[in-house]
Amino acid sequence: MVKQDPEDIERLFAAARASRARAYAPYSGFPVGAAVLTENGQIHAGTNVENAAYPAGLCAEAGAIGAMVAAGETRIAAVMVVGGGHELVTPCGVCRQRIREFATPDTMVHVGDDAGVRRSFTFAELLPFAFGPANLGLSGDHHDE
Ligand code: THU
């Protein structure tokens, strides 16, 4: 089930925006906040954490997913990404794959800036025909267990 309770989306947005304010992004100057809402109604947030060795930097989505898994949850009901600039801050390709592990094709991915949500996508719009557990001969999605 895709959770679209407006109050949940508001909480999700607030968490992502608060995380964005704590970004460690001295190299790009591009702070990003992300948050995931789980099917249990819990919210886990993350921010981008850059590094002087540039490729060691982590995206905000990676942090949010790590916090979710560390809290014992693996089912994403919705994702929020908050960033700046004119363009929509949609998750990078690697993060789309990270989300894939814990989402379904109809999981909503909301993107916005500090003022609010600008656009919402289904996960399938962002990563159609995604590689996943079934490709490895596993019984299906972890999400569907
Ligand atoms: N970034 C994220 O954290 N999430 C996104 O969805 C897009 C990009 C970060 C990575 C890097 O620290 C900075 O934004 C510029 O690419």
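Residues numbered from 1 in each chain as written. Predicted model: local features only at pLDDT ≥ 70, side-chain atom pairs only at ≥ 80, totals over all residues. Heavy atoms only, no water.

Participant: Describe in detail the nonpolar core, supporting the description with residues and values.
Facilitator: Core analysis: the largest hydrophobic core is formed by 19 residues, its most contacted members being Val-36, Ile-65, Ile-76 and Val-79. Those elements that provide at least two residues to this core are strand S1 (33–38), helix H2 (60–70), strand S3 (76–82), strand S4 (108–113) and helix H4 (123–126). For this core, the element with the most residues is H2, which contributes four residues. Membership of the second largest hydrophobic core comes to 10 residues, among which are Leu-12, Phe-13, Ala-35 and Ala-77. (Core = buried A, V, L, I, M, F, W, Y, C linked by side-chain atoms within 4.5 Å. Buried < 20%, exposed > 50% of the residue type's maximum accessible area, 1.4 Å probe, protein only. Helix = DSSP H or I, 4+ residues; strand = E, 2+ residues; numbered from the N terminus.)

Participant: Break down the sheet that holds strand S5 (residues 116–122) for me, citing the residues and quoting the values.
Facilitator: If you trace the five strands from one edge of the open sheet to the other, you get S2-S1-S3-S4-S5, paired in mixed fashion. In this open sheet, the two edge strands, each paired with only one partner strand, are strand S2 (43–47) and S5. Mean inter-strand twist for the sheet, computed between neighbouring axes without regard to direction, equals 20°. Here S1 pairs with S2 via five bridges, running antiparallel. Its bridge partner being in S2, Ala-35 is matched across the sheet by Ala-45. (Pairing = 2+ DSSP bridges. Axes fitted to C-alpha atoms, helices over the stretch in contact; angles between N-to-C directions.)

Participant: Tell me about the packing of aromatic side chains, residues and numbers included.
Facilitator: For the coordinates displayed, the defined rule picks out one aromatic pair. Consider the rings of Tyr-27 and Tyr-54, whose centres lie 5.6 Å apart with planes at 40°: the pair is tilted. Taken together, the residues span a long stretch of sequence, with Tyr-27 in the loop between helix H1 (6–20) and S1 and Tyr-54 in the loop between S2 and H2 at a distance of 27 residues. Judged by its relative accessible area of 61%, Tyr-54 falls in the exposed class. (Phe/Tyr/Trp six-rings, centres within 6.5 Å; stacked < 30°, edge-to-face > 60°.)

Participant: Could you give an account of the layout of surface pockets, naming the residues involved and the relevant values?
Facilitator: If a probe the size of a water molecule is rolled over the atoms, the empty space left behind becomes visible. Of the pockets and cavities examined, the largest pocket occupies roughly 270 Å³. Taken together, 18 residues line the largest pocket, and the ones lying closest to its centre are Val-32, Asn-48, Glu-50, Leu-58 and Cys-59. Considering only residue class, the lining of the largest pocket consists of 11 nonpolar, five polar and two charged. (1 Å grid on protein atoms, 1.4 Å probe; cavity = no way out; pocket = protein on both sides within 12 Å on 5 of 7 lines; lining within 4 Å. Points joined across faces, edges and corners; volume = space filled by probe spheres on them. Nonpolar A, V, L, I, M, F, W, Y, C, P; charged D, E, K, R; others polar.)

Participant: How would you summarise the site of the ligand if you had to cite specific residues and measurements?
Facilitator: For the ligand, the full set of nearby residues is Ser-28, Phe-30, Val-32, Asn-48, Glu-50, Cys-59, Ala-60, Glu-61, Thr-90, Pro-91 and Cys-92. In this structure, an oxygen atom belonging to the ligand sits 2.9 Å away from a side-chain N or O atom of Asn-48. Counting atoms within 2 Å of the grid points, the majority share of the ligand lands in the largest pocket. Of the residues contributing to the shell around the ligand, the split by class is six nonpolar, three polar and two charged. (Near = heavy atom within 4 Å. Polar contact = N/O pair within 3.5 Å; in protein donor to acceptor, adjacent residues only side chain to side chain. Sits in = over half its atoms within 2 Å of the grid points.)

Participant: Before we move on, can you summarise the pairing of S5 with the specific residues and values?
Facilitator: In this sheet, S5 lies alongside S4 in antiparallel orientation, the contact comprising six bridges. Considered in S5, the bridge of His-110 is made with Ser-120. If you look at the hairpin formed by S4 and S5, you'll find two residues sitting between the two strands.

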